[in-house]
Amino acid sequence: MKRTFIIAAFLLMAGIVSAQQNFTLFYMNRVMQSKWVNPVSENTYSVTIGGLIVPLFGQVPPAMHFNYANNAWMYNDIFHKGTGNKADSLVFDLDRMMDNVHKKNHFRFENDIELFSLGINWETMYLSLSLNEKIHYGVTLPGDLIHLMAYGNRPYFDMNKPIDLSGFNLNFLHYHEFAIGLSAVANDKIRLGGRMKLLFGLANISTSINNFSLYTNPDNVYMTGVTDMTIHASQPIPVEYIYYEDGDSVDFNIPENAGDYFQPLSYFANPRNFGFAFDLGASYEINRQWSVFASATDIGLITWNTNPFNLVSQGSFLFKGMQVQFWNDSLTLEQSAEELVDSVLNTFHFESNNYSYVTMLPSNIYIGGMYKFKNKLHFGALYRAELYKKSLLSSVTLSVNSDLTRWFSAHLSYTIANNNFANIGLGISLRAAIFQYYIVTDNLIGWIWPQKSQNFNIRMGCNLVFGYKQRPESKIYY
Amino acid sequence: MKKTLVILGMVFLSAWLLNSCIKDNFDFDKWDGEVNWNPEFIAPALWCDLSIAEAIVAYDTTIQLIENEQGFISLKYNTHVSSRKISEVIYLPDQEFNGLIHSMLIDFSGFNQTGDVLSGSLPGLMSFTMFNNEAEIDTVLLKAGVLNSVVQSTFKHTLQLEFVFPTITKDGQALKLTFFFPPTGGYQATSNVDVTGYKADMTQTTQGYNEVPVEINYTFYHSGSADNSGMILFDSDFTGLNYSWMTGYFGYNSLIFESDTLDINIFKNENFNVDEYYFQDPKFKVFYKNSYGIPTNFYFTEMFAQSKINGQNYSIIDYENGLPLDSLHPYNVSFPYLFGTVREDSIILHRNNSNIPQVISIQPKWIQFIAHAHTNPYSTSHNNFVSDQSSLDAEVVVELPLWGYIDNFHARDTAEFDFDDIYGTAKIIKRLAVRLDMHNGFPVEGHGQIYFLDENYMVLDSLLQSVQDRIIPAATVDANGRVIDFADKLTIIEMTDDKIEMIKNTKYIIYEGHTNSSEYTSHKLVKVYGDYRMKFDVSFELDLGVNVDIDTLNN
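Note that the structure is predicted; figures quoted are calculated from it, not measured.

What counts and what doesn't
- Residues numbered from 1 in each chain as written.
- Chains lettered and ligands numbered in written order.
- Predicted model: local features only at pLDDT ≥ 70, side-chain atom pairs only at ≥ 80, totals over all residues.
- Helix = DSSP H or I, 4+ residues; strand = E, 2+ residues; numbered from the N terminus.
- Buried ≥ 20, exposed ≤ 12 C-beta atoms within 10 Å, placed from the backbone.
- Contact = placed C-beta atoms within 7 Å.
- Nonpolar A, V, L, I, M, F, W, Y, C, P; charged D, E, K, R; others polar.
- Pairing = 2+ DSSP bridges.
- Axes fitted to C-alpha atoms, helices over the stretch in contact; angles between N-to-C directions.
- Core = buried A, V, L, I, M, F, W, Y, C linked by C-beta atoms within 7 Å.
- pLDDT = per-residue confidence, 0-100.

Draft legend 1. Quick peek at the overall build of chain B. A tally of regular secondary structure across chain B gives seven helices and 35 strands. Dimensions of chain B along its principal axes, counting C-alpha atoms only, are 175 × 80 × 45 Å. In chain B, buried positions account for 27% of the 555 residues.

Right, here's the structure in full:
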């Protein structure tokens, strides 16, 4: 039982992660991958080649980015060491766990694999190409749902308040990203950049919930459920949703030869779910010490046309309990319960459609500044806002950045994000001959004290770099 | 460079050391396994919006309800008795008409040489045998029947013979049979005539009923034989006669002689008992539908009821004031005056003209009776008529208008209930409160109780602690006994963990319920209308107290 409980707790934690962060990466100009978040960052190498498909060095370490985050709990909010006579024990702390529940609790995963990247520095311009494989998924649990499970619905009843489940969200997104970027100096003070991305979706599940609530009337304890939601899916295997009105039951019909539908080559080369996105950025050098910049990334969408599948539910359901039918003594309790389920199904039943749909990418806005304290010591401040499923997720990062030598740079950051104040980030780039290794995380603490972290992320890879280009003193980048 | 490496090394060493204490956080062998989960739920469980009619039918599925224009409700129990088939009571048997015409009856003078022709006519009379000796039939319209005739002549002359029935006509033409005989003598002729559609007027004889005149016309053609002697033998039978209608006087016939049982299930339910009740206006009704055009009476020769109170059978006809519908007090059922019409009639026995209230007061589970109906009990008028569709149906009804009072209508039963089966689940319940939100629009109050008993039938505890909890008040009624407002009451029945411990050895439960009509102690008469409703909602408040070592849950 204990094992089951533990596994369930971890699944809850693990099924939950937050958006691409890259707070520390933002200032790592020497690494071409910083352009993925800051289109105007100026790379110091004439040519950079990276990605998993680069023989040998592209795989050691693999060019990838992994991110997990939630905005609710760290491990110690759920399990922690006890006190007093339980000082040697591990205790489950429901109260502390609930203290950290928010209105919307996002749990998100991101797995990005950089297949290929190329950067060319040409005079005042920088041209970049990249091909990335991205798999993002996550779930958002409404705070009310967690409170309901932990405390029951009585508190809501006492407060005459509906249980708001509209924050629930389920998301799975797998797509290819082919990006072309260009940044250039506009004048002595301004640098502009942008990336155009062609997106090819492979599979998707997404929800759009406008209303999903449960209200218990204090006068008569009747429950009113209201729903206005849509679930979209696009996947290689067609799914047929069958609603039996007579029997008030539903079924999902998957073809018997489902395996025939999933051909790896056709799956990965599927061009039908086309999308596009773009990144924009600008920097402005106020003086030799101060500069500011702003960028917006992942402004775009994907249209889903492969076996699109949509479930729409709109309804209002008044639940008064099971109807007592004195006059129908042949109706058993089991039948009554079935009738109740049928009634709920009938009310909340999903209507199935097969129309194409569009999903927006989670978009980011970065606004920041940099102060050159010394030639090799710069301080940065960065605000990031992410628009994710009708939520605005904000974070603030302070960083210290230094190119200690021509072959080594280090970046230290402190970030307030996901309702967590303990995020110390570290980024390192190390060059040996033409091999540039980089590794960066926004939460070093998470790797040292995982029990005290809500985030785990890492980005790493090896680039082949050619032609170190000393940045002029007058420029804001180094 | 060296300095940098040293710094980095120190950082990683520190991290590694710190990491050693991290293990304790993930060592689930050290987890105390305790989960303290105390959610509180409240949810609706049951609801009911019950009309009085649904409530009554729930009690007795066989019952019929009558709701008058004002919505006032009566209970109805009924059974039907019907007359025998008309074809078994009033019918036309096969008829026979035969005879012999001897040459002595015919004047052959002057009929002595070839070429002579002798014509003449003899009168006849055909009598009809009827379904009873008293029957005097005037007219019959036949819808089926055949006249079979066999005629034989022994005359040595050619003979043409006609049988004419002048009062049996169809389309204005009399029924006529014609036979030809050669001069050989001993010749036999036959005839089969369909008489469907013929109307027989049997009033044109001296008797004036059950007879029709017959003309026998003969024509002889002399064959040259000097022998004028001979005879004619005839035999004509009407068979398979059926009528469309018939008039006359049909005599004394027994239309109904039938026994039946009328179940009154409201008094048959053994699970419910009542101390006292009173119906203000019980009725015993017999409804008739009569298409016989005959004066008819109806009465019961026997009528018994079995009482639920003592199981005895009571003769209703003799009980108390008696039932005025016996052979000494038959009811003359109205009858139609026109063909094709049905006359409806009824007799209603009530408090003022019968012993029905006394009969109802003994809680009759059933009433058994033998019913009779006879035609022409008093007169011999020839105004009777029937058709082939005539019938007499009687519906015997006991009607109980819901106007009265009831005292302690109650039920009690024992059921097995092994609390061990749910104790494992129940022990995590810290508090269970059942909310009963009652809106009673019935003019009856109720109270109930559930007792928890151990294996020796010793009472461990009861569900409802206070008298107040047990009572569901009756709806408010006006001076006429009509409900004018709901009685509302919210009852919260709490079951705490202490109580659960107290009843954990329960093996049986006894549940009982009692109802009384509004102000029954003063014998206030209440009336029940169809718009009465009772609504209630049952919801529960459930406080769980899951304070357990999770490792023990499977044990």
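Back to the write-up after that little detour.
Draft legend 2. Geometry of the overall build of chain A. Regarding its fold elements, chain A presents nine helices and 25 strands. Expressed as a percentage of the 478 residues in chain A, the buried residues total 39%. Counting only contacts in chain A whose residues sit at least 6 apart along the sequence, the fraction spanning at least 24 positions is 67%.

Draft legend 3. Structural view of the interface of chain B and chain A. Opposite the 41 residues of chain B that make contact, chain A presents 40 residues. Counting residues per element, the ones that place at least two in the side of chain B that touches chain A are helix H1 (2-26), strand S1 (34-37), strand S2 (40-51), helix H2 (52-59), strand S25 (429-440) and strand S34 (533-544) of chain B. By residue number, the principal contributor to the side of chain B that touches chain A is S2(B), which donates ten residues. Across the side of chain B that touches chain A, the residue classes tally to 23 nonpolar, seven polar and eleven charged. When strand S16 (residues 322-323) of chain A meets S2(B), the two strands line up parallel, connected through two bridges. Across the sheet, the residue bridging to A:Gln323 is B:Trp47, located in S2(B).

Draft legend 4. Main features of the sheet that holds S16(A). Across the sheet, which stays open at both edges, the five strands sit in the order S16(A)-S2(B)-S34(B)-S25(B)-S31(B) with mixed pairing between neighbours. Strands at the two margins of the open sheet, each flanked by one partner only, are S16 of chain A together with strand S31 (487-496) of chain B. As paired strands, S2(B) and S34(B) are joined by eleven bridges and run antiparallel to one another. When the bridges of S34(B) are listed, B:Trp47 appears paired with B:Asp537. The strands touched by H2(B) are S2 and S34 of chain B; relative to S2(B), the strand with the most contacts, the crossing angle is about 90°.

Draft legend 5. Fine view of the nonpolar core. Residues and elements named next belong to chain B. The biggest cluster of nonpolar side chains holds 87 residues, and the ones touching the most others in it are Phe298, Ile316 and Ala394. When residues in this core are grouped by element, the largest group, six residues, is from strand S23 (residues 392-401). Residues within four places of Phe298 in sequence aside, it is in contact with Val286, Tyr288, Pro330, Tyr331, Val333, Ala371, Ala373 and Ala394.

Draft legend 6. Region of the structure containing the environment of B:Pro166. Looking at the element boundaries, B:Pro166 is found in strand S8 (residues 158-170). Here B:Pro166 is in contact with B:Ala174, B:Pro213 and B:Glu215, once residues within four sequence places are set aside.

Draft legend 7. How the structure looks around the sheet that holds strand S3 (residues 64-67) of chain B. All names here are of chain B. One open sheet accounts for five strands, arranged S3-S4-S23-S16-S20; its pairing is antiparallel. On the outer flanks of this sheet lie S3 and strand S20 (343-349), each paired with one strand and no other. Neighbouring strand axes in the sheet, compared pairwise and without regard to direction, differ in orientation by 30° on average. Of the pairings in the sheet, the one linking strand S4 (residues 73-82) to S23 comprises nine bridges and is antiparallel in character. Considered in S23, the bridge of Lys76 is made with Glu399.

Draft legend 8. Spatial organisation of the confidence of the model for chain A. Residues and elements named next belong to chain A. With 87% of its residues at a pLDDT of at least 70, chain A reaches an overall mean of 85. Ranking the helices and strands of chain A by mean pLDDT puts strand S7 (residues 163-164) first, with 96, and helix H1 (residues 2-14) last, with 42. Note on residues 1-20: pLDDT under 50 across the span, and 45 contacts to partners over four residues away in sequence or across chains. Low pLDDT, under 50, characterises residues 474-478; the stretch is placed with ten contacts to residues that sit more than four places away or in other chains.

Draft legend 9. Here's a closer look at the environment of A:Lys376. Residues and elements named next belong to chain A. Tracing the backbone shows Lys376 in the loop between strand S19 (363-374) and strand S20 (377-388). Considering only alpha carbons, one finds Lys376 and Phe276, 100 residues apart in sequence, at a separation of 38 Å. Setting aside residues no more than four positions away along its own chain, Lys376 makes contact with Ser402, Asp403 and Leu404.

Draft legend 10. Examining unusual backbone geometry more closely. Going from A:Val60 to A:Pro61, the amide bond is cis rather than trans, its omega being -10°. The topology assignment puts A:Pro61 in the loop between strand S1 (45-50) and strand S2 (64-70). Positive phi outside glycine occurs at A:Asn160, with the angle close to 55°. Locating A:Asn160 in the fold gives a position in the loop between helix H5 (154-159) and S7. Backbone geometry places B:Gln363, a non-glycine residue, at a positive phi of 55°. For B:Gln363, the position within the fold is in the loop between helix H4 (356-361) and strand S21 (364-375).

Draft legend 11. Focus on the environment of B:Glu302. Residue and element names in this part refer to chain B. On the secondary structure map, Glu302 appears in strand S17 (residues 296-307). Remark: the alpha-carbon pair of Glu302 and Glu258, spanning 44 residues in sequence, is separated by 11 Å. Excluding residues within four positions of it along the chain, Glu302 makes contact with Phe369 and Ile370.

Draft legend 12. Expanded view of the confidence of the model for chain B. Residues and elements named next belong to chain B. Taken over all residues, the pLDDT of chain B has a mean of 88, while the share at 70 or more is 95%. Ranking the elements of chain B by mean pLDDT puts H1 last, at 66, and strand S11 (residues 199-201) first, at 96. Model confidence for the complex is summarised by a pTM of 0.72, with the ipTM given as 0.80.

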